[in-house]
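The residues making up each chain are set out below.
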Amino acid sequence: MKHWTYAPFALLTLMFSAPVLADSDHERLKAPDLPLYRQECASCHTAYPPGMLPAASWRRVMGSLDKHYGSDAAVDATTLDKLNRYLLAHAANSGSKYGREQPPEDRITRAAWFKREHDEVRADVWKRAPIKSAANCAACHPGADKGDFNEHAVRIPR
């Protein structure tokens, strides 16, 4: 009967382990700032937190910058090396919700986790002038540039 004395502790551990994992997923999005990344990437779109994609996706994205989703975003070899090291060091790992899959076309907005998080957003909302597309995180998430996607801070433009 001694093993039952630990049952309440085991139950509490199970109850509180999921939120801890979820918090670590969100903390993973708060990578240290790399001004070079912001300079090169945020000039055209949100500088997505590296933890939103697994390393394999970042390798493909960075390996085809000359045809980056319809644009030529090529950079010199030194810049590419620095960006790659940063992105891969902070990429999603397979234990996080962001790293469990490689989204279609390596697009964050097509990842299963993204679709689950935004399932209540109607298609017409993405087309509003201040938003333009699902890829414009900062339109609704004021802390997106810092990796803060807290749903309590979301403000959807009209």
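Relevant structure appears above.
These numbers were taken from a predicted model, which means no experiment stands behind them. (Residues numbered from 1 in each chain as written. Predicted model: local features only at pLDDT ≥ 70, side-chain atom pairs only at ≥ 80, totals over all residues. Heavy atoms only, no water.)

Would you mind going over the overall build of the protein with me for this structure?
Counting its secondary structure elements, the protein contains 6 helices and 0 strands. Expressed as a percentage of the 158 residues in the protein, the buried residues total 34%. Summed over all atoms, the accessible surface of the protein reaches about 10300 Å², with 58% contributed by carbon and sulfur. (Helix = DSSP H or I, 4+ residues; strand = E, 2+ residues; numbered from the N terminus. Buried < 20%, exposed > 50% of the residue type's maximum accessible area, 1.4 Å probe, protein only. Areas by Shrake-Rupley, 256 points an atom, 1.4 Å probe, with all protein chains shown as cover.)

Would you take a moment to explain the environment of serine 133 for this structure?
Mapping serine 133 onto the fold places it in the segment after helix H6 (123-126). Once the C-alpha coordinates of serine 133 and threonine 109 are considered, the two residues, 24 residues apart in sequence, prove to be 9.4 Å apart.

Mind showing me how you'd approach the nonpolar core here?
Soluble, globular proteins show a tendency: their nonpolar side chains are buried together. Counting residues in each nonpolar core, the largest one holds 33 residues, and the members touching the most others are Tyr37, Met52, Trp58, Ile108, Trp113 and Phe114. Secondary-structure elements contributing two or more residues to this core are helix H2 (35-41), helix H3 (55-63), helix H4 (77-89), helix H5 (112-117) and H6. When residues of this core are assigned to their parent elements, the largest contribution, 4 residues, is made by H3. Those residues in contact with tryptophan 58, other than ones at most four positions away along the chain, are Tyr37, Tyr48, Pro49, Pro50, Leu53, Leu87, Leu88 and Ala91. (Core = buried A, V, L, I, M, F, W, Y, C linked by side-chain atoms within 4.5 Å. Contact = heavy atoms within 4.5 Å.)

How should I be thinking about unusual backbone geometry in this particular structure?
Glycine aside, residues mostly have negative phi, and peptide bonds are mostly found in the trans state. Even without a glycine there, the phi angle at glutamate 105 is positive, about 55°. Turning to its location among the elements, glutamate 105 is positioned in the loop between H4 and H5. At aspartate 106, a position not held by glycine, the phi torsion is positive, near 55°. Considering the arrangement of structural elements, one finds aspartate 106 in the loop between H4 and H5.

What is the right way to read the pattern of salt bridges from this model?
Opposite charge on two side chains lets them pair, provided their charged atoms get close. Scanning the model with the defined rule gives 9 salt bridges in all. Of the charged contacts, one joins arginine 38 and aspartate 33 as a salt bridge, the two residues approaching to 3.0 Å between their closest N and O atoms. Owing to a relative accessible area of 30%, arginine 38 belongs among the partly exposed residues under this scheme. Two residues, arginine 85 and aspartate 81, come together in a salt bridge whose shortest N-O distance is 3.1 Å. Note that arginine 85 and aspartate 81 are positioned in helix H4 at a spacing of 4 residues, about one turn of the helix. Of the residues examined, arginine 85 reaches a relative accessible area of 51% and is grouped as exposed. Here the salt bridges do not stand alone but share partners, grouping Glu105, Arg107 and Arg110 into one network. (Salt bridge = Lys/Arg side-chain N within 4 Å of Asp/Glu carboxyl O.)

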